[in-house]
Amino acid sequence: MRFAYVWRELTLRKRRHLTAILGLAVGIALLVILQALAGAYRQAARAPLAEIGADITIQRSGDVPQNLQGAVFPCSAVTIRQQEVEQISRMSGVRATGQALLLWVFDQEQFTMVLGIDPANSLGPGKLRNFVVKGRFLEGEGRQALVESTYAREKQIKVGEMVTILATSYPVVGLVDGSLASKIALANVYLPLAEAQALAVASPQIQGVSPFARGDVNLVFMKADQEAIPSLAVALKTALGDKTSVATPASFLRQLGNLFALSDKFASATSGIVMVVAFLMVFKTIAGGIQERAREIGVLKCLGWTSSNIKAQLLAESLALCLLAGLVGIGFAGLVCFGLSLQELQIPIPWEMNPTPHFLPGGGEPVFKTVRLPVQLSWPLIGLALMLALMVGAITSGLCIGRITRIKPSEVLRHE
Amino acid sequence: MNDPILAATDIRKTFGDIEVVKGVSVDLQPGEFVGLVGKSGSGKTTLMALLSGLERPTSGQTTLCGKDIGAATEDELALFRRATIGFIFQSFQLIPTLTAWENVAVPLFPEKMAEEERRERATSLLRQMEMEHRLDQLPGTLSGGEKQRVAIARALVNHPQIIFADEPTGNLDSHTGQAIMEILTTLHREQGLTILMVTHDLELSQSADRLLRMQDGALVP
């Protein structure tokens, strides 16, 4: 019965209520869209690291080798000492670490990117296990190689054959499709970490630029507590020095630059302004309604409605109006989010994380990770929007309570 | 003689510097039909508001159905009105968004009561008013006489001990006004309802058992 009264009151002053509903709906929709967009950017920024199962990657830049001969380090990834790895592994918030060794190998006019990986560790390039297209993944230690499938096709390398790196032959145990993996873990040939470390130790070019001992690496992958990531990034930089490059989801967000910053800052500021305007519109509607309905409120008081009964009625009307606005806003936001989710986003990979040297075709070009923008309406966001809409309803009717109390039952007789 | 259902002693009402009701004392016996007559601006509507607890007097005491209404809070008065009093207004004062039967049931909305029971009580009263064919009509589609029948049914829905009627025929043509007066007279005669009716129409006031004449804020013989 009360519901019928609430509903009819809403439909009586259609134009005014529709304006208030649309105003609040636009505010809610904008809030939801911008929040969803900001969330989508944050989620997208995790994609490059998430694909290698890490939250943080660590490298240290160094000098360019004098001669590009034999095994060299890319200048973006020089030695990280074993002791340093052990030290940072013990930092608070670190759940697990993985290591790798990236080498550029110049061998008789042939260039090979070699990545030494720990086959037993699924963190970092160990994720490549999921992208083996032929043969098997690396197992244990000993001489063996995994070859990237495109590179294998170019060089006509097959599983069971040998691949030679700096005069050492490694049996090819499998082929892996690197295009399915993150560009961060991209190489031509993958060796067990110990084999790659042996190549680095023996390289005068490497030792000349960045002394390297067995057990050292030049790439560290870290899994960490989400809330600890920002403070860990700072602590890692402090522990490993200024030349250390620490990549986190936040640093990928920075790579996204203005687009994200715009949506992130815009989200708070614009949503705030729109919500204030929407709130004022709803307030004006509710307050105006009370003013117009002074006689009706007087009649209700005459007929024995207490102030609480009338407040409950007006609260119900206000909540219904705002709930309707919230639902319309969420519906509209859902449509826009669906449209946005069809868009693709190119996340720039920082140059220092791009393993392809600048002198190779495509090496100097910016590298992007293309992802579908994961814009979606989460239940918490829908809940937040509805709660916000209901709060607007509750606050506006709360602010009007004084007006209701001031209306006297004898008001009705004055209008006779 | 029974205890009066309504007893007012020396009640006064001042708006600013103007004294609108000047020391009125009046008693109404249970089952009495009293007409309050006077010219426009004589203060009769204000007196009705004071006697029914819609307005608070500047001074004086009013006891209605055994309750000193001057000492009650606004909400206590509202609950008291809901349980004890029925109102009929000149302009009907129906809620435009509610149907005829819903308007009759408005005083019952705050009560914890099954929807069916509300509807049954409202429908039964509208049947008495020969309005059963208009139950689901909105006030905008009803004639003046039909609206006042709905308003009378609404005044009766809470089984009141007294009805205050403010110019109940004031917005109706004479024929319809006569029909409404017959309904009120029948209610008084058959159900023993106490009625205080404000009117400026001396002819209509002839239906009352007793007349109170008001002039310049005071009752005159």
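Rules of the game
- Residues numbered from 1 in each chain as written.
- Chains lettered and ligands numbered in written order.
- Predicted model: local features only at pLDDT ≥ 70, side-chain atom pairs only at ≥ 80, totals over all residues.
- Heavy atoms only, no water.
- Helix = DSSP H or I, 4+ residues; strand = E, 2+ residues; numbered from the N terminus.
- Contact = heavy atoms within 4.5 Å.
- Areas by Shrake-Rupley, 256 points an atom, 1.4 Å probe, with all protein chains shown as cover.
- Lys, Arg positive; Asp, Glu negative; His and termini not counted.
- Charge placed at Lys NZ, Arg CZ, Asp CG, Glu CD.
- Buried area = accessible area lost by both parts, 1.4 Å probe.
- Salt bridge = Lys/Arg side-chain N within 4 Å of Asp/Glu carboxyl O.
- Pairing = 2+ DSSP bridges.
- Axes fitted to C-alpha atoms, helices over the stretch in contact; angles between N-to-C directions.
- Core = buried A, V, L, I, M, F, W, Y, C linked by side-chain atoms within 4.5 Å.
- Buried < 20%, exposed > 50% of the residue type's maximum accessible area, 1.4 Å probe, protein only.

Structural notes on the overall build of chain B
Assigned secondary structure in chain B consists of six helices and ten strands. Dimensions of chain B, computed from C-alpha atoms along their principal axes, come out at roughly 45 × 40 × 40 Å. Here the analysis covers contacts within chain B between residues at least 6 apart in sequence; of these, 69% occur between residues at least 24 apart. Working note: accessible area of chain B is about 9,400 Å², and carbon and sulfur atoms make up 47% of it. Mean positive and mean negative side-chain charge positions of chain B (21 and 30 charges, respectively) differ by 2 Å.

Regarding the interface of chain B and chain A
For an interface, size is often stated in terms of accessible area lost upon the parts coming together. Facing the 32 residues of chain B at the interface are 27 residues of chain A. Buried area between chain B and chain A, both sides added, is near 2,600 Å², and the carbon and sulfur share of it is 62%. The three residues of chain B that bury the most area against chain A are Gln93(B), Thr97(B) and Phe109(B), which together make up 23% of that side's buried surface. Remark: the boundary between chain B and chain A carries two salt bridges. Between Lys408(A) and Glu55(B) there is a salt bridge, and its shortest N-O distance comes to 3.8 Å.

What about the sheet that holds strand β2 (residues 18-28) of chain B?
Residue and element names in this part refer to chain B. In space, the four strands of this open sheet follow the order β2-β1-β4-β5, with antiparallel pairing throughout. With one partner strand each, in any of the chains shown, β2 and β5 (67-68) form the two edges of the open sheet. In terms of strand pairing, strand β1 (residues 6-15) meets strand β4 (residues 59-64) through five bridges, oriented antiparallel. The residue of β4 that forms the bridge with Thr9 is Gln61. In this fold helix α1 (residues 44-52) packs onto β1, β2 and β4, with an angle of close to 125° to the strand it touches most, β1.

Observations concerning the nonpolar core
Ranked by size, the top nonpolar core spans 118 residues in total, and within it Leu24(A), Tyr190(A), Leu126(B) and Ile152(B) carry the most contacts. Considering each element in turn, this core owes the most residues, 16 residues, to helix α2 (residues 14-50) of chain A. If we ignore the near neighbours within four places in the chain, the residues touching Leu24(A) are Met275(A), Ala278(A), Val282(A), Cys322(A), Ala325(A) and Val392(A). Formed by 42 residues, the second largest nonpolar core is a distinct cluster that contains Ile80(A), Tyr170(A), Val172(A) and Leu240(A).

Focus: the pattern of salt bridges
Residues and elements named next belong to chain A. Inspection of the entire model under this criterion finds 20 salt bridges over all chains. Its salt-bridge partner being Glu9, residue Arg293 comes within 3.5 Å of it at the nearest N-O pair. Of the two residues, Arg293 sits in the loop between α9 (258-292) and α10 (294-302) while Glu9 sits in helix α1 (residues 2-12), which places them 284 residues apart along the sequence. Owing to a relative accessible area of 7%, Arg293 belongs among the buried residues under this scheme.

Points about the environment of Phe73(A)
Residue and element names in this part refer to chain A. With respect to the helices, strands and loops of the structure, Phe73 is situated in the loop between β2 (70-72) and α3 (82-89). Sequence separation between Phe73 and Asp63 is ten residues; the distance between their C-alpha atoms is 9.1 Å. With sequence-adjacent residues up to four places away left out, Phe73 is seen in contact with Pro65, Val78, Thr79, Leu101, Leu102, Leu103, Ile206, Ser210, Phe212 and Asn218.

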